[in-house]
Amino acid sequence: MNAILPKNREDWHALRAQHIGGSEIASLFYLWQLPTGALAYLHMFEVPPTGATMLGCVSRHTTGYRLYWQKRGVLPAEDLDSNERVRLGKHLEAGIADAAMDKWAPWPLRKVHRYLRHAAVPGMGASRDFEVHEIGLPPVEIKNVDYLVFRDLWKTEGDEITAPPIDITLQLQHQIACERVRAPYGWIVACVGGSSLKRGRIERHDPTIAKIEQAVAAFWRAVEDGTPPLDVADFETVADLSLLGAEVRSAPLDLTGDNRLPTLCARFLRVQGIRKRAEDAEARVKAEIALKLGNAPETIRAKASSHSITWVYAQRGGKPYRGAMTIREA
């Protein structure tokens, strides 16, 4: 059966534990810088080109490495019921959906209560927010977004969302893929800063869906085989596993016979050096901009021909200080 109606909250949690859901799919993808300097999104079981550098996980909430250990039952799953942000989001969804139906009427949205399982990929499932009651049942993903986050990560033209962040794009394509009836597109609705409502129609993208399906299939094979994706291991998860005494790869202190460790050490120093040079360059440029702005005892707002600049002046512990300098394209 493709669709299941969970009996209760516990039933929903059990289904979620057995599947990779839409909110988790971005954690299976990582951003790599290729030897050519180009950037590429690869799922965590793809072999990157020789000389590529992993820049981080696409998900802003967790990593695929941590998710692997959670699905294996070694690390606890995230407690969504006690997460205030998640609880508030669930309550706000209905109001945002009502506002969207009013703004873009007639637009027949309906709340989704069934849990969808992919017809061909075991362990791939989706719990949608809303969907449009029309042919194909296009999913509607609803987001309550901070203004600054929206400004920096989303692309729009007026009230139309033209490109959401990559993690949300993956989430929507994942949801499109899980409906047995072929959905030609999905929708993103964003309430921005509590004062502006925007939406975007995102077309079905079969190459992305194929990559998502490959990632989910590879994930569950690794779980079944007990082979953790060590190439994308993050320090925080490794530390948590060590505290639990979990089956992470250990080694004696004398690692002179380990052929890979020197490569890892060299890579660490190279990345550390790149970061340090970038931080130094950023500090020098920031200093030059600060000299241009002057040092008035107030928040400074300036305009260049192509950029706008805000340099915060604030109080901390009764003492004035210069806070963040924000620069964006005009």
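For the structure given in this document, a descriptive report is provided here.

Cut-offs and rules
- Residues numbered from 1 in each chain as written.
- Predicted model: local features only at pLDDT ≥ 70, side-chain atom pairs only at ≥ 80, totals over all residues.
- Heavy atoms only, no water.
- Helix = DSSP H or I, 4+ residues; strand = E, 2+ residues; numbered from the N terminus.
- Pairing = 2+ DSSP bridges.
- Axes fitted to C-alpha atoms, helices over the stretch in contact; angles between N-to-C directions.
- Contact = heavy atoms within 4.5 Å.
- Phe/Tyr/Trp six-rings, centres within 6.5 Å; stacked < 30°, edge-to-face > 60°.
- Buried < 20%, exposed > 50% of the residue type's maximum accessible area, 1.4 Å probe, protein only.
- Lys NZ or Arg CZ within 6 Å of the ring centre and 35° of its normal.
- Core = buried A, V, L, I, M, F, W, Y, C linked by side-chain atoms within 4.5 Å.
- Parallel < 35°, antiparallel > 145°, perpendicular 65-115°, else oblique.
- Left-handed = near helix turned anticlockwise from the far one by under 90°.
- Nonpolar A, V, L, I, M, F, W, Y, C, P; charged D, E, K, R; others polar.

## Here's the deal with unusual backbone geometry
Residue P106 follows A105 across a cis peptide bond; omega there is -5°. Unlike most non-glycine residues, L137 shows phi in positive territory, near 45°. With respect to the element layout, L137 can be found in the loop between β8 (130-132) and β9 (139-145).

## Thoughts on the sheet that holds strand β14 (residues 300-303)
Read from one edge to the other, the open sheet built from three strands follows the order β14-β15-β16, with strand pairing classed as antiparallel. Edge strands, defined here as strands with exactly one partner in the open sheet, are β14 and β16 (319-329). The sheet shows a mean angle of 10° between the axes of neighbouring strands, taken without regard to direction. Inspection of the sheet shows strand β15 (residues 307-316) paired to β16 by nine bridges, in the antiparallel sense. In the sheet register, I309 faces β16, and the bridge partner there is I327. Seen against the sheet, helix α8 (residues 261-293) touches β14, β15 and β16 and runs at an angle of roughly 105° to β16.

## Points about the packing of aromatic side chains
Each aromatic ring pair is described using two quantities: the centre-to-centre distance and the angle formed by the ring planes. Summed over all chains, the structure comprises eight aromatic pairs. The interplanar angle of 80° and the centroid separation of 6.3 Å between the aromatic rings of Y65 and W69 together place this pair among those described as edge-to-face. In this pair, Y65 and W69 are both assigned in helix α2 (residues 64-71), four residues apart and thus about one turn of the helix distant. Both residues of the pair, Y65 and W69, belong to the buried class. The rings of Y65, Y68, W69, F219 and W220 are connected pair by pair, giving a single aromatic cluster. Just above the ring of W107 sits the side chain of R199; from NZ or CZ to the centre is 4.5 Å. One residue, R201, lies across the ring of Y185, its end atom 3.6 Å from the ring centre.

## Digging into the nonpolar core
Counting 45 residues, the largest nonpolar core has I20, I25, L28, F29, W154, V216 and F219 as its most contacted members. At the level of secondary structure, the elements contributing two or more residues to this core comprise β2 (29-33), α2, α5 (166-178), β12 (185-192) and α6 (206-225). Considering every element that reaches this core, the biggest residue donor is α6, with eight residues. Each residue touching F29, except ones within four places of it in the same chain, is listed here: L42, H43, C57, V58, L170, K211, I212 and A215. Counting 15 residues, the second largest nonpolar core, distinct from the first, contains A100, V132, I142 and L197.

## Describing the packing of α2 against α6
Direction vectors running N to C along α2 and α6 enclose 50°, while the axes themselves pass 10 Å from each other. On the basis of their axis angle, the class for α2 and α6 is oblique. The chirality of how α2 crosses α6 is right-handed. Residues G64, L67, Y68 and K71 of α2 pack against F219, W220, A222 and V223 of α6. By residue class, the composition of the contact of α2 with α6 is six nonpolar, one polar and one charged.

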